[in-house]
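The residues making up each chain are set out below.
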Amino acid sequence: MVGPMAHSRARANPADGKPPVRRAASTVAVLFLLLGVLGFVPGITSGMDALRFAGHASGAYLFGVFQVSVLHNLVQLAFGVAGLLLARTVTGARAFLIGGGAVLLVLWLYGLVVDQDTAANVLPVNDADGWLHLTLGVVMIASGALTRRRPGR
């Protein structure tokens with residue numbers, strides 16, 4: 001069957017009618033939850049035997065690239081939970097995207113100035129994390145600033 005009746009029996013899409021800023025915030029929040037969980041999964045995270053609670057000495061790498069620690073993963077999980085809670089309203093979703101993006105840009109700057117081989121590198125961050133923080137920060141801020149409800153709604 002084709003046409004408007006093709007999927008008439010399918011369940012409604014939960015995103016239908018949801019403002020774009022809320023969808024964007026929910027998507028980013030789920031991404032952070034996923035990354036936080038994957039940081040604890042052997043095989044996806046290499047060097048699990050070298051996973052430390054915090055600091056530059058953690059030898060675990062998500063996807064073999066992004067240095068992670070237990071603290072880093074917990075922060076990502078908390079960020080994701082906060083994002084899902086804030087995505088319940090347009091104002092909260094926008095605050096999460098813009099505020100969270102700003103936090104990621106601060107983390108990017110932190111990664112630029114901190115000596116990665118010292119105790120000051122608490123989270124830890126490496127160059128790959130820095131590029132990810134920069135990219136996600138810019139995308140989140142742009143999403144928060146540019147997503148508006150479509151005209152006619």
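Placed above this text is the structure.
Residues numbered from 1 in each chain as written. Predicted model: local features only at pLDDT ≥ 70, side-chain atom pairs only at ≥ 80, totals over all residues. Heavy atoms only, no water.

Participant: Just checking my understanding: could you explain a nonpolar patch on the surface for this structure?
Facilitator: A surface patch of nonpolar side chains, about 280 Å² in accessible area, is lined by Phe 40, Phe 53 and Leu 74. Take Phe 53: it is sitting in the loop between strand E1 (45-46) and strand E2 (60-62). (Patch = residues over 30% accessible without salt bridge, like charges linked within 9 Å, V, L, I, M, F, W, Y side chains within 5 Å. Areas by Shrake-Rupley, 256 points an atom, 1.4 Å probe, with all protein chains shown as cover. Salt bridge = Lys/Arg side-chain N within 4 Å of Asp/Glu carboxyl O. Helix = DSSP H or I, 4+ residues; strand = E, 2+ residues; numbered from the N terminus.)

Participant: How should I be thinking about unusual backbone geometry in this particular structure?
Facilitator: Negative phi is the rule for most residues except glycine; trans is the rule for most peptide bonds. Unusually for a residue other than glycine, Phe 63 sits at a positive phi of about 55 degrees. Looking at where Phe 63 falls in the secondary structure, it is placed in the loop between E2 and strand E3 (66-68).

Participant: Just to check I follow, could you spell out the nonpolar core for this structure?
Facilitator: Counting residues in hydrophobic clusters, the biggest one holds 18 residues, and the most contacted among them are Ala 25, Val 28, Phe 32, Phe 96, Leu 97, Leu 104 and Met 140. At the level of elements, helix H1 (20-38), helix H3 (90-113) and helix H4 (127-146) are the ones that each hand at least two residues to this core. Dropping the residues within four chain positions of it, Leu 104 is found in contact with Phe 32, His 133, Leu 136, Gly 137 and Met 140. Core analysis: the second largest hydrophobic core is formed by 8 residues, Leu 35, Leu 51, Phe 66 and Val 68 among them. (Core = buried A, V, L, I, M, F, W, Y, C linked by side-chain atoms within 4.5 Å. Buried < 20%, exposed > 50% of the residue type's maximum accessible area, 1.4 Å probe, protein only. Contact = heavy atoms within 4.5 Å.)

Participant: Where do I start with the packing of aromatic side chains in this structure?
Facilitator: The geometry of an aromatic ring pair is captured by two quantities: the separation of the ring centres and the angle between the planes. Counted under the stated rule, the structure contains 2 aromatic pairs. Aromatic pair Phe 32 and Phe 79: ring centres 4.7 Å apart, planes at 70 degrees, arrangement edge-to-face. With a gap of 47 residues between them, Phe 32 in helix H1 and Phe 79 in helix H2 (residues 70-86) connect regions that are remote in the sequence. The exposure classification of Phe 32 matches that of Phe 79, with both residues buried. Ring plane angle 55 degrees and centroid distance 5.5 Å describe the contact between Phe 79 and Phe 96, whose orientation is recorded as tilted. (Phe/Tyr/Trp six-rings, centres within 6.5 Å; stacked < 30°, edge-to-face > 60°.)

Participant: Help me understand H4 in this model?
Facilitator: For an α-helix, 3.6 residues make a turn, and residues three or four places apart therefore share a direction. Its 20 residues give H4 an end-to-end C-alpha distance of 28 Å, which sits within 8% of 28 Å, the value for a rise of 1.5 Å per residue. Every buried residue of H4 is listed here: Ala 128, Asp 129, Gly 130, His 133, Leu 136, Gly 137, Met 140 and Gly 144. Where H4 is buried, its residues meet H1, E3, H2 and H3. Between a side-chain oxygen at the N-terminus of H4 and the backbone nitrogen of Ala 128 the separation is 3.3 Å; the capping residue is Asn 126. (Expected span 1.5 Å × (residues − 1). Polar contact = N/O pair within 3.5 Å; in protein donor to acceptor, adjacent residues only side chain to side chain.)

Participant: Where do I start with the environment of Ala 102 in this structure?
Facilitator: Counting through the fold element by element, Ala 102 comes out in helix H3. Among the residues examined, Ala 102 registers a relative accessible area of 35% and is labelled partly exposed. When the C-alpha positions of Ala 102 and Val 138 are compared, they lie 8.2 Å apart, and in sequence the two are 36 residues distant.

Participant: What am I meant to see in the sheet that holds E2 here?
Facilitator: In any sheet, the strands associate via hydrogen bonds between backbone groups, in a parallel or an antiparallel arrangement. Ordered by their spatial adjacency, 3 strands build an open sheet running E1-E2-E3, and the pairing between neighbours is antiparallel. Where the open sheet ends on each side, the last strands, each with one partner, are E1 and E3. In this sheet, E2 lies alongside E1 in antiparallel orientation, the contact comprising 2 bridges. Of the residues in E2, the one forming a bridge with Thr 45 is Leu 62. (Pairing = 2+ DSSP bridges.)

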